[in-house]
Every structure is written in structure tokens, then in C-alpha cells.
Amino acid sequence: MAASELYTKRARVWIPDVDEVWKSAELGKDYSNGDQSLQLTLEDGTKIEHKLDPKTKNLPHLRNPDILVGENDLTALSYLHEPAVLHNLKVRFIDSKLIYTYCGIVLVAINPYENLPIYSTDIINAYSGQNMGDMDPHIFAVAEEAYKQMARDERNQSIIVSGESGAGKTVSAKYAMRYFATVSGSTSEANIEQKVLASNPIMEAIGNAKTTRNDNSSRFGKYIEIGFDNRYRIIGANMRTYLLEKSRVVFQAEEERNYHVFYQLCASAHLPELKALKLGRANEFLYTRQGHNPVIDGVDDAKELCTTRNAFTLLGINESYQMGLFQVLAAILHLGNVEIKDRDSDSSVIPPNNSHLTAFCELVGVSYQDMSQWLCHRRLKTATETYVKTLPRLQATNARDALSKHIYAKLFNWIVEHVNKALIANVKQHSFIGVLDIYGFETFDINSFEQFCINYANEKLQQQFNMHVFKLEQEEYMKEQIPWTLIDFYDNQPCINLIEAKMGILDLLDEECKMPKGSDDSWAQKLYNTHLKTCALFEKPRMSNRAFIIQHFADKVEYQCDGFLEKNKDTVNEDQINVLKASKFNLLVELFQDEGEKAKSPTGQVPGTGGRTKLSVKPDKGRDKSSREHKKTVGCQFRNSLQMLMETLNATTPHYVRCIKPNDFKQAFTFDPKRAVQQLRACGVLETIRISAAGFPSRWTYQEFFSRYRVLMKQKDVLPDKKLTCRNVLEKLVQDQDKYQFGKTKIFFRAGQVAYLEKLRADKLRAACIRIQKTIRCWLARKKYLRQRKAAITIQRFTRGYQARCLAKFLRRSLAATIIQKYQRMYVERKRYRKKQAAALAMQRVLRAYLARQKYIGLLREHKVVIIQKRVRGWLARCWYKRCLVSIVYLQCCIRRMRARRELKKLKIEARSVEHFKKLNKGMENKIMQLQRKIDEQNKEHRVVNERLASVESSYTIESERMRGELKRLHGAEEDAKNKANQLSTLMEELERLKKELVSTKQEKKTIEDWTQNYKKEMEKMVSELKDQNGSLKKEKDDLNRLIQEQSQQMTEKMARAIAQETQQLETDLNEERSRYQNLLSEHLRLEEKYDDLKEEMAHSNISKPGHRRTDSTHSSNESEYTFNSEYTETEDGARPREDVTRGLDTSLTLKLQKRLTELEQEKQSLRNELENKEDQYQRARARDDAQFKKARGAELEYESLKRQELESENKKLKHDLADMRRSLLGDKAANSGAPGSPAYKVLLDQLNASCEELDVRKEEVLILRSQLVSQKEAFHHKETMTEPSVFAEDVSKLKDADELKQAYIGLKDTNRLLEHQLQTQRRSYDGEVESLRGQLQSVKEENNRQQQLLAQNLQLPPEARIEASLQHEITRLTNENLDLMEQLEKQDRTIRKLKKQLKVYSKRIGEMGAGQAEGQTSPGQMVEEPIHPVNIPRREKDFQGMLEYKKEDEMKLVKNLILELRPRGVAVNLIPGLPAYILFMCLRHADYVNDDQKVRTLLTSTINSIKKILKKRGDDFETVSFWLANTCRFLHCLKQYSGDEAFMRHNTTRQNEHCLSNFDLAEYRQVISDLAIQIYQQLVKCMDSILLPMIVSGMLEHETIQGVSGVKPTGLRKRTSSIADEGIYTLDSILRQLSAFHSTMCQHGTDPELIKQVVKQQFYIIGAATLNNLLLRKDMCSWSKGMQIRYNVSQLEEWLRDKGLMGCGAKETLEPLIQAAQLLQVKKKTDEDADAICSMCLALTTAQIVKVLNLYTPVNEFEERVSVAFIRTIQTRLRDRSDSPHLLMDTKMIYPVTFPFSPSSLALETIQIPGSLNLAFLTRV
């Protein structure tokens, strides 16, 4: 495409300009090849001739078409060049107020110098999850892209923020970090964000300073790595700093300052804690007064120091360390004021008793003598000796400054290190995002070593940037399969080699620094000799031999060699460092500890004269090594750190942010093209543009291209395949195929091709427009000609009278057309308004639904995670508990077996001594032998019984703890029993054998007829009842089978197996109850797991961690829960039933059974003791009472028989009751598995069986022992009558204790009732489950029918419609399922909450009872000797009642701090709305709670009086009045809400109703406070009037809102308007801003929405009334054009109402008089019809107002006419009957009556926190 095709007439181009850099112009004629110049017309109309360069013949840059102006991405521009980029940025920045623009992968950010509302949380949420190009450019978009790539690609990211000082780098980096903290979703991200942000004030204080370009310029670079875990949540951060500008510590240029921290300390020197620093004003110190401008406008240094100290505290640097830091900083200032004077030409001296040096030495803890010596002397070392050399004053001053810089650098590094320690992550870092805030390319009039290092760093970054951009371009081309050709781009590697390569600038600089006599001049000569002729990028200035020029990527920079060597060496006197190392100040020693071990202060004689003094000190090799390390040059250090930075950036995916400073005067939204283009060249944006322009910068998708250039296609060119269509059309339009390429999804164009296509499109549209205009004009001309011809014929044929009638007819038609237009416009406007309203409502509805769904999804995910964690932890805890329990049981068995064997051995020995007793008593011998044989036969059965008893004891371990209190009284008896251990052990073995023999005897006595018959009857009865129940269960089984068969095959099989198992179990004997329990357990698996999880959660939260505890051996089985051993796990399954017992058994029943067992054990022990006594008595009396023995024996047998019959009858009754209970349990076949407590059912039965058997054993033992006692009593009655009467009396009382066995029977009855209740509950649950299964089956049938119908309907539809219908149905189905799942989830949540409450109650009871038992069982000796360490009592969080307690004497302080001295601005911004009202009400609640009527009365009275006082004091402050109006209303609502009235309580939650006032009725005070609120409202209206009234007339009437409407005004009026405008009058925007300020203030204060509507209505009434009143009094305002202006202004007010959502508040109706007055100015005012229209239109205006407007109406154009007097009289006549006010003007003082609708608060009082800023620490939360 030739240039002549683009450079045609009216083509717009860019030409260079001195002031604006580039200026737009338009070609006056077509360009043709060979032309030497172009004829151009500037935008102001000036015509110029632009000469072309005769050598290059380069034409000026073409402008982009209007479609591309203001693009989000600069690379989307068709013409990619510098003027296009500059113009696009300017348009976006100035016209659209957009500060962000993309340039490929670079985000260009222009500093607006104004706070913009584009960084709020809702903006963050809007950008979260969005692609980078989907929304407008923003720093959040770059941060989101980095965050998304980190999560998606598992690769670390970096955001590189660069730019000049003052361009906004630090702010951009801060917003990026805030974005990461917000979207990361961690519970601790806020804390990390606070710490990261808290580091900003610290780093700004010690690293930022005021420069000529920026008041807060960062004088160092930093790289912050924000660490994330594997869930991509912020876990920590790390900061690296680069190239601190240390020279600023000792020198500042004019109008600049030192680092902020010095001025902050000086401004706070009056503080008591800083008095010891001996500081003063900043002007008193050399290091802070050199810039002659120690104050920054708008910055309070003292306040900034408070912020810095708070940040230190937040980061963990305590007060002592802070004061140490301030000591070091103050010491630096004092060191700078140390005056060094000349002693002679070669030496210097510090005057004695220098106050500043003394202060320095005191602050850093060093010797004054040592420091004064080494400030003026220097140690020189040779191979063998060391000399001390004096220093001239200049060198000594430089050494002093070097020491100051070195100390500050050490302090800076120490602070950075501790900041990093505070930000370090506690968990392993998975990935990170680095934010690099580094200086941009710098060039000044005088450039030194700092600028050289900065530009060197930018060269490295630019190289990395170029390579990354080139790589991305290549990837894009390869992705779209575009042929890749190498793009030539600028490679700055030669410049980098010039700086860092071997024999480069840095290498030569380091070499020169090592030379003994190296200087800046010699170094410069080496540079000239090495690079001047070999490197084209290195130049020498013409007029200087101490400077050099480097051609950087951005510009040429001239560097002055002065100071390079000194700054690079950064030398510090080692002796001065050694003095500081020997300091007594620990922090200073810590600063220098990395330089070697502490050294003592060097000693030596101070020379009295100049020269050298020889010291006999040998050089220290270790110290030399440390010195060499210290002498590592700055350039080398910076090069190494820069290399590390580049390695980090190369290992990450970079994202670039280039900050631009629009002007040097910090003016908001002011664009300086010169400064902007300079920075664009330096930051690499133009290089990105050049790389893009070298290839195919413009990229359109096929759909976009087709839609845009469809007009260039003919009908035959349009094909179904749009891609092929675009290809064909483009080949026809652009002949050169190198100008475009077809990718997979996009079309790639060379630079300028889009503009060419736009030109073709514009030409096509222009041609079409011309054709349309030609045809229309032809038709209009012909129509006009025919009308004129007809008119001419009519004129010739008719008279002039007919012509007049035609004119009248024409006028009537015009009037009709006007009326039609009026109503038609009214209809169109009304319809458009309704559409907008409907659209707004729809958008709000959709947005709110979306937000609700997002919130719900988040809650759902969190809930699921909690459930998973809960169940896993429960399972682990149960496994651990089972293993421990099995191990304990096994250990107990081993110990008991060992003790039993010992007892057996003792008993066998004693059995041998009984042989003599057998010979003397042959009758007893036979009895004993029989008993021994029977005991041997029943040993095995006895072991089984013991095992079952052990299982019962282990299962009731926890419950037995509660009975320890009762066992305390048995300790005395236990001690007596231990004293007789030998005899007791023998008799215990004997009794054990007798017990076993009797038990076996009882089981073998089947020959007893009565017992046999009763047993058979019971068994037959039990079998018959079981058969009956079995039959009924079979019927229920059949019914269930029929229901289950209708379900799916899988459910059928499952239920069939379950029913088969249940049927089989019901048909078996009672011994198969365990299998039934397991089956029920499998059915209740899901509910049990949930219950266990809740139980474990309760245990972890409320029960202390168990541990080993030593107890008495008799309690070892009860305390097995607290002993842990994981060696044995064999009986893990056996422990499961015992675990489940505790879940379902009733606590009271368990306690009764345990109590009964304990009593039986005690009774057995007492009987054993008595038996021993009786045996002794029997041996002594056997020879004398042989005859009576037979009689006693007979009586014994008779008594034994009678007692046995009695006990057997009782046992039969118990067995009968137990059998009934079993039948009732086993007969309920359909028991539901979902009933609570059912998993413990079988275990309970087992335990009851074991209890019954144990009771039988105990009964037999009691009978045997008692029978023996009776026989012995009868045999030896005559002997023991006189000696031991008390023993036999006790025996008689013991015989009466058999009634205690009835207690067990009562306990069994209670257990039976409990189990019956549980079974009934199970049955009801089972029936409910059957019903639910039926419902599910029915729903499945209905769903099947619907599916069949849908399938039939889909088969009849075409394929496309079929797919759409299927998708629609699927969406509906998934929606319904989602709703069902949501309902189920809500039910489960309610169930879980209910169970959690129950668990809390149970855990509380268990904890109380456990604590009581532990207290009861611990003896005083044990309390002293064995303190209970393992028990940890959990601390419960205090449950606040929403009250605040205060002392009577603090009432005035409360009122003062909360009302009189409270500033609304801080409260409204930082705290919850209405906080003072809540605090006052909470104090009032406490006074009501304690029933103190005097306190209530005084508090309310003080509150009311204080509010009145503050309103009286600051009643003209709208913010104050609005604040107290909102709080008074909130206080009134609180009094209503918590009054206890049912009308108000129904709006409360249950918790809020608990907080209602209980003692006082404050209805009268509510009326008083309501009156106070009315008074405040009126004060608010008055305040608004005083603010709005000066704006209304100027903004509504005088200001020309619509430009050009008043252009036809008379001259005088134009002069007046312009003069007023020159004075800066108020505009409509001023009114709207003020209204917005009112509205936002009230919203911030938490004013009720209904009250805000009333306030807005009052505001609009004031505006309408004042405007109308002024209109009625000013004739110059009553014109047609002014009416149009007023209507536009009113529409803007209505638009404001729409924006604020206040259209329904009645504010628009208050403007109706003004609207009708504006319409009256515009309507036609001639005929009677016009009068009718006016009367029907102006209903809100009075007759006087209508007439006044008509009289004042003044035409300002020739087509306007004055209103005739007749017309005005017609109006008056027609409005005569209207009854309205005779007043002309509206009452601007009128205030609408205000109401305070009840608005309850959803805020819970107990959740309110009192901030410390209110100074209410004397209040106590109750």
C-alpha cells in the first residue's frame, strides 16, 4: 500500500512541537511522491508548511482513527509510535480520569495526585477471578494475574514496580500487597497484611526523605517476597533492600531534607521519655538544616513518630529497643555537630568538653577520650609496626561523616533484619509473589555514583524486560501458528558489558580503589584510555576531563567522576569502629557484631603536636581479615545483590508496572507532555511498542473483523464460514499479503493496516451517505416544487381571503403539532424512565442473588471441611482409647491372676492344718469335703462369672468415679482389714471355695420339684410370648418386603438382607442377642459416627488431657481410663460394647447398680470377718457342746431351707421381670435404627444379665454365711450368752438386711421402663423411615413419568431444539436437587447444633461430678504428697450479657468522653454506626439490672443535657448535628427494642429478648428523647439551609449548565454572567456535591434510611422553594432559554435521586412547582387553548405565581413574543375559582413534620467492643 493512499487530503498527522512535544495537524492536500513539504492545518486553524527531511524523506506519523482513541491497551493502536502513545495516555488521563493503561504486559500507572475511590474492597472483589483483559486496566488486574498464574502454573511470580521519584511506586506496591491479603482467604491474612503494612511507616521513616521532586521519596530499593502456603494463603513476607543513599545522612541539597526519622525525633524532643536524648529543633543540627527547609507542608512529624513507634510495637520491637534506636539516631545528630578545628595544616583537634561529643559518648556508651582521639587521628600499619597519624580538619570531618553514614547504614540493616523476623512465616512456604519497588532511570544536571548504580540496575532490568517481551511475542505467534520471523530489538548487553565486564567501569573503579594513591582523575584517565576508542557507548565530554558519558537505553547520561572512589570505597576508620564495639550500649554492639568479636577501646598517648607517634602494637591478622571484608567496595556489593535479584526475577514470571509522574508541581490530573514522554522513553514502554510494531501489532478475532467491516463486503462474499469470508474479503481489500497474517483465532495486521481499513470503511459509509442525501434532497426539492406550483395556481384562482384562511389553518396545525410533540415526548420520556427503572431493579436483584449464592457456597465449603476434620479426629481418638483400654484390662487380669495364685498357695498350706479339725468333727468334714468337690467342679463357671463382672466394672469405670465420695467412709474398715491380712487371706480363700461350691450346688439341684416346675412354667410362657411376637413380626416383614421391592434392585437386596438377619435373630434364643446388636449397629452407622464425632469434639474442648495417676489398688479398675498403654490390641473388638454402654445407659440406673454392687462387697467382707470369729468360737466350744451341736445343726438346716425358698422366690420374680423386658425388646422387630441410644441396647442386656448373676452369687454367699452363723449361734448359745451378746445381736440385725436385695429389683424395673421407652422411640422412628421410603418411591415414580414425557416431547422436536430442551430440563433438575440438598443441609445443621448443645450440657455435668468424686476420694495426705498435675481444667469463655458497668463517680467522665469531647469524624469512619448510643444503652441496662433508679435517672438526664449542650456549642456543624441525630434515634430505638413490649419484641432475636429491661418502664423518657430527636432534626435543617442557600440561586439559575443555550442572550446579561463566572460562583455540580456530602455523612453516621429520605425531601424543598422564589423576583431569569436550563438542572437533581435510590422519598414532588414554572416559561402563550393547557398543567403553582411568571416573561430572540395582557387576564379568569394560598413566595423556613419509624438493630449487644480511642477504660463489660 503506497503512502499516497494514506496521506490524502484531510488525513490527520502528528508533527513535532517544542512545547507539546507532538501536535496534531490535518493535510490540506494529497501527498504525492517527490513532494518536499506538506500543507498542514493545525487544530486552531493555523495553516503551516511542514518541510520533509531531504535525506530520510520520512513522513510525519499518522493519527489513529477515533475508534482507537482511548484504548485500554496501547498495543491495540493501529499506528504504534510515540505520539499515538502519548495522546492515548493523555486522553484517558485528562478526559476520562483513568490513571491505568496497558501496554502489552506492562501496566502504565499515572500518578493522579488525588485520592480516587477505586481501591475499595468491592473493587478488589470485582477484579478477583477475572482475566487481565476483561476489565479496565488496574493494579488489581496485574495482581490478580500474578496470583492466578502462581496457583495455576505452580510458579513464583514477581511484580516489578519502577518509575521516578514521586510517580507512585510505593503506593502501587502497597495496593498490590493489599490485594493479595484480601483474596488469599486466610484467617491470618489480615494480621500478615497489617504487619507488612506496618513495615511501611518504619521503612518510610528510615529510608524516605524529601527531595525536590517528591516529599516522600524512597531513597532505597526494596524487594518484598510475600509467601503463600499450598492453599495459596499469605503466611509471611521477606524484604530485601538495595543501595541505601547513605550520603543523605550527612548532606542534603537545597530544598531537601534528611531522612524523616531525624525530624520526627526533633519534633518530639519535648516528650519525657526522649528528654535523655538532648535533642532540640531540627535547625540546631548540621545534618538536618542543610536543605534550609525542615518542614513539609501538611505533615506533622511528631504525629508521624507516634505512627512509627506503633508500627515498631506491632512488629514486636519493644519499647526498650525503640529507645535504643532513638539513642543511636540522636547520637548521629550530635556527632554531626561535633566541631573539628585546625591545630595546624596537618592536624586537627576537638575542643575540650565539647557538649555534642559528650552527648554522643553518653548515648552510645563510649569513652570521650578515645572517641575524640580517633576522630582526629588515624592508625597506619606496616609489616612490622603501627603508627598513629594526625588528620587535617577536612579529612577528620570526612571521617566523622563516614562514621555517621556507617552507623546509620548498620542501623538501617538491623531494622530491616528485625522487620523480616517479624514477617517470617511459621509454616513451610509453598510459593511466593515478589513485589519489587525500585528506582527508575535517573538523569540530573549533576550525576554521581548513586545515579550510576541506579541506571546500571535499570539497564539490567530493561534487558530482562526486553527478553521477556520478546519471548511473549514469540509465544503468541506460535500459539496462533503465525510464521515467526526474527524481530530486531534493542539489546543493551553492550552497555551492561561496558559497566560490569572485565576491565569495565566497575572493574576499573575497584582497581583504582585498591591503589594507594588512586584518585578520581586517574580513574577517569583509565576509562578514557580503555573505552573511548573501543566502545561506541562510551564518550568523553568536550569541555571536561573529570566526566564521562554513557549511552543508556533511555538516554545519554553524563557522570561526574568527583566522589566516585570515596563513595565506592565507603571507608570507615577501623579505630572508630573498635571504639564503638567496646561500647557499653548493648544495641550498638549488636549493630557491629557481624564485623568481628568485640574489641576493647584502643589505648595510646594522644600526640601533643603534629607528626607520627610509634606504637608497639603488632598487627592482628584476624582483624586484618575482618578489615578486608569490611573494605569490600559498594560497587561490588551492589553488583552481587543485583545479580541475586536478577536470578530471582529470572526464576519467576515477571509482571511490570511503570509509574509515570504527570507533572512536577503535584497538581491533580495535570498532564505535562514533556515530562511524560521523557519517562516513557526511560521506563521501556516505547520499547514495548517498538517490538510490537515490528511484527503484527493489531489483532482482531474473526468475529470482530466480520462485524466491523461487514459494510465492505458484498452479499455474494458473505459465506457461512466467517473465517473463510474474512480471508476472501481481506485478500481483495489488501493486495500485499505481507501486511496481514491469518492465525487460528485471530487476524494479525501490520502497523497502519487497521487505519487503512477504517479509511475504506469511512469512504464506503461516506459514499452511502452522499447517495442517501442526494436522493432525499431530490425528493425534497421535487416536493417543494410541486407544492410551490400548486400554491401558485391556488393564488391565481382564489382570493386573498382564502390565503388568510389557509394561513389560519396552517397555524392551527402548528399548534396541534406542538401539543402532539409535547405529549409524545412526555410519553417517550416516561417510557424510557420506566425501562431504566425496571433494568436497575433487575440488575440489583441479580447482583444480590449472586452475592448471596457466593456467600452460601463459602459457608457450605467451610462447613464440609469442619465435618471432615471432626470425623477423622473422632475416629483417631476412638482407636487410641480402645487400644489403651484393652491393655489396661489385660494388665489387671495378670495382676489379679498372680494374687489369686498366691492366695491359693496360702489356702492350701492352711488346708493341711485343718486335718485335725476334720477328725474331731466328722460331720463337718463330710460337709466340707462335699463343698470342696463342688467348688472344684464350678471353678470354670466362676471364672466366667468373674470375667463378666470385670467387664461390668470396666464398663462402669467413669460412672464409678462418682461414687468415690461414699467409699471414703470405708477407709477405716479397710485399714483394720489390712492389719489382719494373713488371717483374712486364709478365710477369703476358704470362703471363695465355699461360694463356688454353693453356686455349683445351686445349679445342680434340678431335683428340687418346686424350682423345676416354676422354671419350666416361666420358660414355656416365654416361648409362647416369643412365638406370638414372632408371628406379628413376620407380618411386618412381609409388608416391608412389598415396599422394598418397588425400589431399585440395590435397595431391595440391602433391605432383604437386613430383614433376613432380623428374622433369624428373632427366631433364635436369648443367647443370640449380641448378633442382633451388631446388626442394629450396622444399620445405625451414619448416626453413630456423627454422635461420636460430636462426643470427641466435646471431649477435646471440655475434658483435660488424661495422664498416669497413682491410686489405691482397690480402685485400679475404676481408674483405668486414665492409664495408657499401647502394647496390646488383641481385645479391641471386645472393648467396643463397653464403650457403647456409656453412650446409651441412664446415669441414675448405672449409679444404683454400682451402689448395690458396692454394698454387697462390703457385706461379704463383714460376713467373712464374722465367720472368722465364729470359727474360733466353734473350735473352743466343740468338745463341750456336742449334744447341742446336733440340735443346732438341725435348726441350721431348717433355717437354710426356709431362707433359700424365700430368696429363690425373689429370684424368680426378678427373672420373670427380666424375661418380660427381653420379650418386649426382642418383640419389636421393626425397631428403627435411628432412635438415640439404641446402639447400647444389647450391651445393656448383657450387663443386666451379669448383674443378675452377680446378685445370685452374692445371695448364695450371704445365705451360706448366715446359715453357718446361725448354726454356730445355736450350738454355742449357752457359752456366748454372757460373753458376747453384742455379736449375736449384730447377727440378728444382719438377717434383717435381706430387704436390700429389693433395691436391685427396683433398679431393674427402672431399667425395664427405660428400655421400653427406647424401643417405642425406635419403633416410631422406623415407621417414619418407612413413610419416607414410600414418599421417595412415589417421587421416583413421578420423576420416571416426567422423564418419559420429556423424552416423548424431545423426540418430536428438531435436533437443535431437542438439545436446548434437554439442557433446560437438566438445568431445572439440577436446580431442584440443589434446593433439596440445601434443605437437607439446613436440617443437618440444626440437628448438629442441637446435639452440640446437649453435649455441652452433659459434659458440664460430667465435669462437675468428676470433680466432686476426685475431691471426695483425695485424702488430706494425698493432697499434700501427690498433687494432681495431669488434670487440666478448660477455661470457659465468659458469656457477656451486653451490659457496661461503671461507678457513680465516673458518670461525668462517661458523658464527657462519649458526648462532649467526641469527634464524629473518627467515630463515623473507624467505628460501627451508632456506637455512642449502644454504649449509653448498655450502661443504662446495667443500672436497670442492679435496680438502681437513681442511677438510671441521672444517666438519662446527663445524657440529654450533654447532647443539648454539644448541639448548642457546635450546632452549625452539619457533621456534628447529623451524628447526634443518628445516635439519638438509635438510642430511642434501643429503648423501644429492649423495652419488653410485645410490639417491639417480635422484631428481636431470642438473645435480644433476654436483654430487655426488667425493672423500669422508661416510656416517659422515650417521649423525652423523641422530643430531643425532633429538636436535633430541626437544628439539622437549619444547618443545611445555611449551607445550601448560598449555592441555590447561582447553581440553579445563574450558572450556564448547558453550554450554548444562552448564546443568544442580550449583551448586558452576557457580561453579567461572565463576570460572575470569573468570580468562581457555585454551579449545579457544587449543589450535587454538597448533597452527596450530606447524604454520605448521614450514611456514615448510620442514620435510619427513612430518616434520610425525610432529610433529602427537606433539602429538595429548600432548593425548589429558593429557586422559585428567586425566579419570581428576577425578570432576567424568566425566558425560554432559562426555562430549558432549569428543566435540565431539575433532571440532574432527579438523576441524583436515582443514583442514590431516593426516588420514592417524595423529594421529586417538592420540585413540582419549580418544574411547572420552567414548563410555563417554555409553552406557547397565545390562544385560549394555550390557557387551558397552562391551567391544567400548573396545578402546583398558585394563581399569583402563574400570573407573576407570565408578567415577567421576557423574550430574548426574535421568534419569541411577549405574553399579551389579554392572555394573562384569561388565565386569571380561569383560575378564579381555584382556592389556593394568596402568598407569592414559598416559605423557605417551612419544615416538614418528622417521624421516627421504629428501626430495630440486628447487632447483638454482647458483641460490641469499646475501642481504646474513646478513653472509656473505666467501663467494664458484664
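Here is what the cut-offs are and how they apply
Residues numbered from 1 in each chain as written. Predicted model: local features only at pLDDT ≥ 70, side-chain atom pairs only at ≥ 80, totals over all residues. Heavy atoms only, no water. Helix = DSSP H or I, 4+ residues; strand = E, 2+ residues; numbered from the N terminus. Contact = heavy atoms within 4.5 Å. Areas by Shrake-Rupley, 256 points an atom, 1.4 Å probe, with all protein chains shown as cover. Buried < 20%, exposed > 50% of the residue type's maximum accessible area, 1.4 Å probe, protein only. Pairing = 2+ DSSP bridges. Salt bridge = Lys/Arg side-chain N within 4 Å of Asp/Glu carboxyl O. Phe/Tyr/Trp six-rings, centres within 6.5 Å; stacked < 30°, edge-to-face > 60°. Lys NZ or Arg CZ within 6 Å of the ring centre and 35° of its normal. Axes fitted to C-alpha atoms, helices over the stretch in contact; angles between N-to-C directions. Core = buried A, V, L, I, M, F, W, Y, C linked by side-chain atoms within 4.5 Å. pLDDT = per-residue confidence, 0-100. Arc of directions from axis to C-beta. Patch = residues over 30% accessible without salt bridge, like charges linked within 9 Å, V, L, I, M, F, W, Y side chains within 5 Å. Expected span 1.5 Å × (residues − 1).

**So, the overall build of the protein chain**
When its secondary structure is counted, the protein chain shows 64 helices and 27 strands. For the protein chain, restricting intrachain contacts to residue pairs at least 6 apart in sequence, the fraction spanning at least 24 positions comes to 75%. About 95,400 Å² of surface is accessible on the protein chain, with carbon and sulfur atoms providing 52% of the total.

**Some points on the pairing of strand β8 (residues 157-163)**
In regular strands, side chains alternate between the two faces of the sheet. A large share of β8 lies buried, amounting to seven of its seven residues. Where β8 lies against strand β17 (residues 431-439), seven bridges are found, and the strand directions are parallel. Bridge pairing in β17 links Val-161 to Asp-437. In the sheet, β8 pairs with strand β22 (residues 653-660) via seven bridges, with the strands oriented parallel. Within β22, the position partnered with Ile-159 by the bridge is His-655.

**Comments concerning the pattern of salt bridges**
Following the criterion strictly, the structure yields 42 salt bridges and no others. Glu-362 serves as the salt-bridge partner of Lys-278, at 2.7 Å between the closest nitrogen and oxygen. Of the two residues, Lys-278 sits in the loop between α6 (260-267) and α7 (286-289) while Glu-362 sits in helix α10 (residues 355-364), which places them 84 residues apart along the sequence. With a closest N to O distance of 3.4 Å, Arg-393 and Asp-342 form a salt bridge. One end of the pair, Arg-393, is in helix α12 (residues 393-423); the other, Asp-342, is in strand β13 (residues 341-344), and 51 residues separate them in sequence. The class of Arg-393 is partly exposed, set by a relative accessible area of 38%. One network of salt bridges, in which partners are shared, links Glu-164, Lys-661, Asp-664 and Arg-675.

**Points about the environment of Glu-1519**
Residue placement: Glu-1519 occurs in helix α52 (residues 1518-1537). Judged by relative accessible area, Glu-1519 falls into the buried class, the value being 16%. Linking Glu-1519 and Cys-1583, residues 64 residues apart in sequence, is a C-alpha distance of 9.7 Å. Excluding residues that lie within four positions of it along the chain, Glu-1519 makes contacts with Pro-1464, Arg-1465, Thr-1641 and His-1645.

**Section: the packing of aromatic side chains**
Two descriptors summarise a pair of aromatic rings, namely the distance from one centre to the other and the angle between the planes of the rings. Applying the stated rule across the entire model yields 35 aromatic pairs. The interplanar angle of 75° and the centroid separation of 5.5 Å between the aromatic rings of Tyr-1661 and Tyr-1792 together place this pair among those described as edge-to-face. One end of the pair, Tyr-1661, is in helix α58 (residues 1649-1672); the other, Tyr-1792, is in the loop between α64 (1765-1774) and β27 (1820-1821), with 131 residues separating them in the sequence. Among the aromatic side chains, those forming a connected cluster through ring pairs are Phe-449, Phe-452, Trp-523, Tyr-528, Phe-538, Phe-548, Tyr-559 and Phe-564. The ring of Tyr-263 carries Arg-257 above its face, with NZ or CZ at 4.0 Å from the centroid. The ring of Phe-465 has Arg-658 lying over it, and the distance from NZ or CZ to the ring centre is 5.0 Å.

**A few points about the sheet that holds strand β5 (residues 61-62)**
Spatially, the five strands line up as an open sheet ordered β4-β3-β2-β1-β5, and their pairing is antiparallel. The sheet is open, and its two edges are formed by β4 (47-51) and β5, each paired on a single side. Where strand β3 (residues 37-42) lies against β4, five bridges are found, and the strand directions are antiparallel. From the neighbouring strand, Thr-41 faces β4, where its bridge partner is Lys-47. Docked against the sheet, helix α1 (residues 82-95) engages β1 (12-17), β2 (21-27) and β5, running at close to 100° with respect to β2.

**Concerning the nonpolar core**
Core analysis: the biggest nonpolar cluster contains 190 residues, and Phe-180, Phe-360, Met-371, Tyr-408, Trp-523, Phe-548 and Leu-580 have the highest contact counts within it. Residues contacting Met-371, with those up to four places away along its chain left out, are Leu-357, Phe-360, Cys-361, Val-366, Leu-403, Gln-576, Val-579 and Leu-580. Val-1656, Leu-1711, Ala-1718 and Val-1749 belong to the second-largest nonpolar core, a separate cluster that totals 116 residues.

**Quick notes on the confidence of the model for the protein chain**
Put simply, the protein chain has an average pLDDT of 76, and 73% of its residues get 70 or more. Considering only residues more than four positions removed or in separate chains, one finds that residues 1103-1151, a stretch of pLDDT under 50, has 112 contacts.

**Re α64**
Within α64, burial applies to Phe-1767, Ile-1768 and Ile-1771. Buried residues along α64 cover an arc of 100° about the axis, so they all sit on one side. Seen from the buried face of α64, the exposed residues on the opposite side, beyond 90 degrees, are Val-1765, Ala-1766 and Arg-1769. Looking at the buried positions of α64, the neighbouring elements they touch are α62 (1728-1737) and α63 (1743-1752).

**Looking at the sheet that holds β8**
Ordered in space as β6-β7-β22-β8-β17-β11-β12, the seven strands form an open sheet in which the pairing is mixed. Two strands bound the open sheet, and with one partner strand each, they are β6 (100-103) and β12 (234-242). Mean inter-strand twist for the sheet, computed between neighbouring axes without regard to direction, equals 20°. Contacts from α1 reach β6 and β7 (106-110), with the element oriented near 155° to β6.

**Focus on a nonpolar patch on the surface**
A cluster of nonpolar side chains, contributed by Ile-772, Ile-776, Trp-779 and Leu-780, occupies part of the molecular surface with about 430 Å² of accessible area. Given the relative accessible area of 51%, Trp-779 is considered exposed.

**Some points on α1**
One full turn of an α-helix is made of 3.6 residues, so residues set three or four places apart face in the same direction. Spanning 14 residues, α1 covers 19 Å between terminal C-alpha atoms, matching the ideal 20 Å at 1.5 Å per step. Within α1, ten of the 14 residues are buried, which leaves it mostly tucked inside the rest of the structure. Within α1, the full set of buried residues consists of Glu-82, Pro-83, Ala-84, Val-85, Leu-86, Asn-88, Leu-89, Val-91, Arg-92 and Phe-93. Following α1 by one or two positions, Lys-97 has its phi on the positive side, about 55°.

**Brief notes about the side chain of Glu-225**
In this structure, Glu-225 sits in strand β11 (residues 221-228). When near neighbours in sequence (up to four residues on either side) are disregarded, Glu-225 contacts Gly-236, Ala-237, Asn-238, Arg-240, Phe-432, Ile-433, Gly-434 and Thr-648.

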